[in-house]
Amino acid sequence: MLLQIFKSKIHRATVTEANLNYIGSITIDEDLLDAAGMMAGERVQIVNNNNGERIETYIIAGERGQGTICLNGAAARRVEVGDVIIIISYGYMTAEEAKTFKPATVFVDEQNKIKEVV
């Protein structure tokens, strides 16, 4: 049996854009993706600390070094620029793999620059 386990997260990122007219997804700075071990096309859960909303979507890689966190399409209605969010990814693994797996947490500042990776 495979279990869905917390794989990584970008903790307390600030929404920089909300683009209702884009097809959908979340655009994330590629530096943040690399630090969190996330990739374009990956399914993620977004938790909005400002209003309690939880959204599931997929990742689009944003330009490196820009700090971009942009909710696109319908998800743009669930956030406002300046909201603080947590972006969470999960992975499937066996119970044995899960016992030793260490998830990554990327802590960022108010401009979405990496402060620490744990």
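Relevant structure appears above.
One structure accompanies this document, and this report is about it.

About the cut-offs
Residues numbered from 1 in each chain as written. Predicted model: local features only at pLDDT ≥ 70, side-chain atom pairs only at ≥ 80, totals over all residues. Heavy atoms only, no water. Pairing = 2+ DSSP bridges. Helix = DSSP H or I, 4+ residues; strand = E, 2+ residues; numbered from the N terminus. Axes fitted to C-alpha atoms, helices over the stretch in contact; angles between N-to-C directions. Core = buried A, V, L, I, M, F, W, Y, C linked by side-chain atoms within 4.5 Å. Buried < 20%, exposed > 50% of the residue type's maximum accessible area, 1.4 Å probe, protein only. Contact = heavy atoms within 4.5 Å. Salt bridge = Lys/Arg side-chain N within 4 Å of Asp/Glu carboxyl O. Lys, Arg positive; Asp, Glu negative; His and termini not counted. Polar contact = N/O pair within 3.5 Å; in protein donor to acceptor, adjacent residues only side chain to side chain.

Digging into the sheet that holds strand 2 (residues 17-19)
Piece 1. Judged by pairing direction, the sheet is mixed, and its nine strands sit side by side in the order 2-6-3-5-4-7-1-8-9 without closing on themselves. Only two strands of the sheet have a single neighbouring strand rather than two, namely strand 2 and strand 9 (114-117). Strand after strand, the sheet turns through a mean of 30 degrees between neighbouring axes, direction not considered.
Piece 2. Here strand 8 (residues 104-108) runs beside strand 9; their pairing, made up of three bridges, is antiparallel. When the bridges of strand 9 are listed, Val106 appears paired with Val117.

Brief notes about the nonpolar core
Piece 1. Residues Ile10, Ile26, Ile28, Ile85 and Ile87 are the most contacted members of the largest nonpolar core, which totals 21 residues.
Piece 2. Broken down by element, this core gets its largest block of residues, three residues, from helix 1 (residues 30-36).
Piece 3. Sequence-distant contacts of Ile85, defined by excluding residues within four places in its chain, comprise Ile10, His11, Arg12, Ala13, Val15, Ile26, Ile46, Val47, Asn48, Asn49, Ile69 and Leu71.

Remarks on the pairing of strand 7 (residues 84-93)
In summary, the side chains of a regular strand alternate between the two faces of the sheet.
Piece 1. Of all ten residues that make up strand 7, eight are buried, and the element is covered over most of its length.
Piece 2. In terms of strand pairing, strand 1 (residues 3-14) meets strand 7 through nine bridges, oriented antiparallel. Each residue of the ladder has a partner; that of Gln4, found in strand 7, is Tyr92.

With respect to the pattern of salt bridges
Piece 1. The final tally for this structure, using the stated rule, is seven salt bridges.
Piece 2. With a closest N to O distance of 2.9 Å, Lys7 and Glu42 form a salt bridge. With a gap of 35 residues between them, Lys7 in strand 1 and Glu42 in the loop between helix 1 and strand 4 (43-48) connect regions that are remote in the sequence. With respect to burial, Lys7 and Glu42 carry one shared label: buried.
Piece 3. Across the pair Glu30 and Arg64 runs a salt bridge, and its minimum N-O distance is 3.8 Å. Placement of Glu30 in helix 1 and of Arg64 in the loop between strand 5 (54-62) and strand 6 (69-72) is noted, with a sequence separation of 34 residues between them.

Here's the deal with the side chain of Ser25
Piece 1. Relative to the assigned elements, Ser25 resides in strand 3 (residues 25-29).
Piece 2. For Ser25, a relative accessible area of 2% corresponds to the buried category.
Piece 3. Not counting the four nearest positions on each side in its chain, Ser25 is found in contact with Thr57, Tyr58, Ile60, Cys70, Leu71 and Asn72.

Concerning the side chain of Asp29
Piece 1. Inspection of the secondary structure assignment puts Asp29 in strand 3.
Piece 2. For the buried Asp29, no salt bridge is present, and the opposite-charge side chain at shortest range is Lys113, 4.8 Å distant.
Piece 3. Within polar-contact distance, the side chain of Asp29 engages the backbone nitrogen of Asp31 at 2.6 Å.
Piece 4. Not counting chain neighbours up to four residues away, the residues in contact with Asp29 comprise Gly62, Glu63, Arg64, Gly65, Gln66, Gly67 and Thr68.

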